[in-house]
Amino acid sequence: MKLKAGSRVKSAVCTTEVMVIQTPDADLDVRCGGAPMLPIGEQAPAGGSVAASASAGTQIGKRYVNAEGKLELLCTKPGKGSLAIGDTLLVLKEAKPLPASD
Amino acid sequence: MNLMMLLEMAASGFGDRVAVVNEGERLAYADLLRAAGAAADAIAASGAKHAAILDVSSLALPIGLFGAAWAGVPFVPLNYRLTGAELERLLAQIEPAYLVTDAARARALRERAGVVAVAREDFVAQARGGSARSAEWSMEGDDIAVLLFTSGTTGPPKAAVLRHRHLVSYILGSVEFGAASEEDAALVSVPPYHVAGMAVLASSIYSGRRIVQLPSFSAEAWLDLARRERVSHAFVVPTMLARIVEVLEREPRARAPGIRSLSYGGGKMPLAVIERAMRLFPESDFTNAYGLTETSSTLTVLTPEDHRAAAASDDPAVRRRLASVGRPLPSVEIEVRDEEGRACPPGVSGEICVRGEQVSGEYLGKTSRVGSDGFFPTRDAGSLDAEGYVFLEGRIDDIIVRGGENMSPGEIEDVLLGHPAVADCAVVGVPDEEWGEAVAAVVVRKPGVEATPETLREFVARELRSSRAPARIEFREELPYNETGKLLRREVRAWLAEAKSGRDSR
């Protein structure tokens, strides 16, 4: 799927929803719980389940990135599946201390 | 993208936490979400194209902001100090409007077609008592979230446009979700129509930091509320900090010890005030945030570390950074440009221009001032130092051009403020047949200290070039400031013109 910054995608097999913060300009096999993710409006096919190899789950408000850091997904709804590109799981982005200006 | 995303996540992640406190009344995130839905229903049912608030801070503010976002109409916080005529001009720009205001004003506006006026207490009660809205909010990021009529210190107010994508991208780029601890509390005393108020609201909700509202500012009330609610973070404008410092110097027992972070912005911070404040709040982290209404708030930050390093340094280049507004946020680029649009080297003054995802630069009904290269001219004059710290020198429009020489009023004001007799001053350009413009100053003297225009003029001429010494100096009891502490130079020019024509006609 070609992702776009600001768009949202959801898991086909769990309740995870994410917003795309940053993305490389490429077609990506973005998955959650082992299954390809869907654009937010699409209906998920029935009967799907979370693959054991991608079941650590997602947490609301956390950011998930790939090794190069060019892909960043913000979890807006948590779920049981883990985010990945193909079979490579995304990792939690370190919460860097941001300027406390407000 | 919609502001509602932020509230929905907060309600989901920590719905029972208190989101906002106003005069003891508490509203939790989950309750705010439901109330926003009920408010959205009321706004949608009224047929209004804008939801406005004309009032001091109350729970109606967050409910109104998110209710408008849910209903898909722009939220318009209006200045409650406007005259009837000024308000009418703004209402004409936004009708049909749903307007939340004080009970007396709501009654007075009952007959005005095009405005559904609701008293704040009724609005809040109906929203809190209502049931959750079923309709979805639009995720069209280009929709307008907030219209902010800028303070118009030069010319009539115009509405800066903040779209959902600007505000949401700003929050996501600068705030970590739910990172606040349950004890954290942010004291917000700036009025609702100040962009910082909107920014603090959105960022506090996303970080889970309780907002404590102070509807009407006085230094004593601020300190009292800060102690009572054990406030950990506060945002003030420079004039508020000056008053707070004055009270603390008189009454050290009025201290509010829990304040970990004091952020300020919205105007020039006098060096003397920040130095005294740092001594009176030794455990606090000070942050100066520079931004404009048109840029969804913060562009540059002078961090707590920057403050401490500058205050402790013997190197004048580092020390002077205490008077700067710091360095740009990672997502922002700053350039200082000359009149031809070329970038100026460090140390050379020009216009501050900014580029970044959060920069809107848009005014209602006018073309955006963002250039084709994405840079927005801020109309602020300033310079960068060798390390990229930004120094402000007032508005470009306030630059005095005397005989072809550009002068920054701020530079002359800073010198005058160093004179023992001067409590406050404002320097402006006045029309002059010989020079085009001449330098004029209005000075407020300290009680009991003598000074004449001649002695002040000589003082300036010794410190700067004689061309910068004000040709005219008038004394007054006080200077004209607006609600958010900005000096109204337009007023000062008007005073000088009046005083002059008064004398000329004798």
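Basis of the calculations
Residues numbered from 1 in each chain as written. Chains lettered and ligands numbered in written order. Predicted model: local features only at pLDDT ≥ 70, side-chain atom pairs only at ≥ 80, totals over all residues. Contact = placed C-beta atoms within 7 Å. Nonpolar A, V, L, I, M, F, W, Y, C, P; charged D, E, K, R; others polar. Helix = DSSP H or I, 4+ residues; strand = E, 2+ residues; numbered from the N terminus. Expected span 1.5 Å × (residues − 1). Buried ≥ 20, exposed ≤ 12 C-beta atoms within 10 Å, placed from the backbone. Core = buried A, V, L, I, M, F, W, Y, C linked by C-beta atoms within 7 Å. Pairing = 2+ DSSP bridges. Axes fitted to C-alpha atoms, helices over the stretch in contact; angles between N-to-C directions.

### Structural notes on the interface of chain A and chain B
Of the residues lining the interface, 12 residues belong to chain A; the matching set on chain B comes to 27 residues. Its residues assigned to classes, the side of chain A that touches chain B comprises seven nonpolar, four polar and one charged.

### Observations concerning helix H1 (residues 3-14) of chain B
Residue and element names in this part refer to chain B. Here H1 is 12 residues long and its end C-alpha atoms lie 17 Å apart, about the 16 Å a rise of 1.5 Å per residue gives. Counted residue by residue, H1 has 10 buried out of 12 residues, so it is predominantly covered. Those residues of H1 not exposed but buried are Leu 3, Met 4, Met 5, Leu 6, Leu 7, Glu 8, Met 9, Ala 10, Ala 11 and Phe 14.

### Focus on helix H8 (residues 195-207) of chain B
All names here are of chain B. For H8, built from 13 residues, the straight-helix expectation of 18 Å at 1.5 Å per residue is met to within 8% by its first-to-last C-alpha distance of 18 Å. Of all 13 residues in H8, 13 are buried; the element is thus mostly enclosed. One or two steps after H8, the chain reaches Gly 208, where phi turns positive at roughly 80 degrees.

### What about the nonpolar core?
Residues and elements named next belong to chain B. Ranked by size, the top nonpolar core spans 140 residues in total, and within it Leu 3, Leu 6, Leu 7 and Leu 32 carry the most contacts. Broken down by element, the residue count for this core peaks at 10 residues, all from helix H2 (residues 29-46). Each residue touching Leu 7, except ones within four places of it in the same chain, is listed here: Leu 32, Leu 33, Ala 36, Phe 66 and Ile 205. Core analysis: the second largest hydrophobic core is formed by 22 residues, Leu 416, Ala 426, Val 439 and Ala 440 among them.

### Quick notes on the sheet that holds strand S22 (residues 422-432) of chain B
Residue and element names in this part refer to chain B. As summarised here, the arrangement of the three strands in space is S22-S23-S24, forming an open sheet in which the pairing is mixed. Two strands in the sheet have a free side with no partner beyond their single neighbour: S22 and strand S24 (472-475). The average undirected angle you get between the axes of adjacent strands in this sheet is 25 degrees. Bridge analysis of S22 against strand S23 (residues 436-445) gives 10 bridges, and the strand direction is antiparallel. The partner of Pro 431 across the bridge, within S23, is Glu 437.

### Description of the environment of Ser7(A)
Considering the arrangement of structural elements, one finds Ser7(A) in the segment before strand S1 (8-10). C-alpha of Ser7(A) to C-alpha of Val18(A): the two residues are 11 residues apart in sequence and 8.6 Å apart in space.

### Comments concerning the sheet that holds strand S4 (residues 35-36) of chain A
All names here are of chain A. The antiparallel open sheet is built from four strands, whose spatial order is S4-S3-S8-S9. The strands lining the two open edges of the sheet, one partner per strand, are S4 and strand S9 (88-89). As defined by bridge partners, strand S3 (residues 30-32) adjoins S4 across two bridges and the pair is classed as antiparallel. Within the sheet, the bridge partner assigned to Arg 31 lies in S4 and is Pro 36.

Fair warning: the whole summary comes from geometry, so function is off the table for now.
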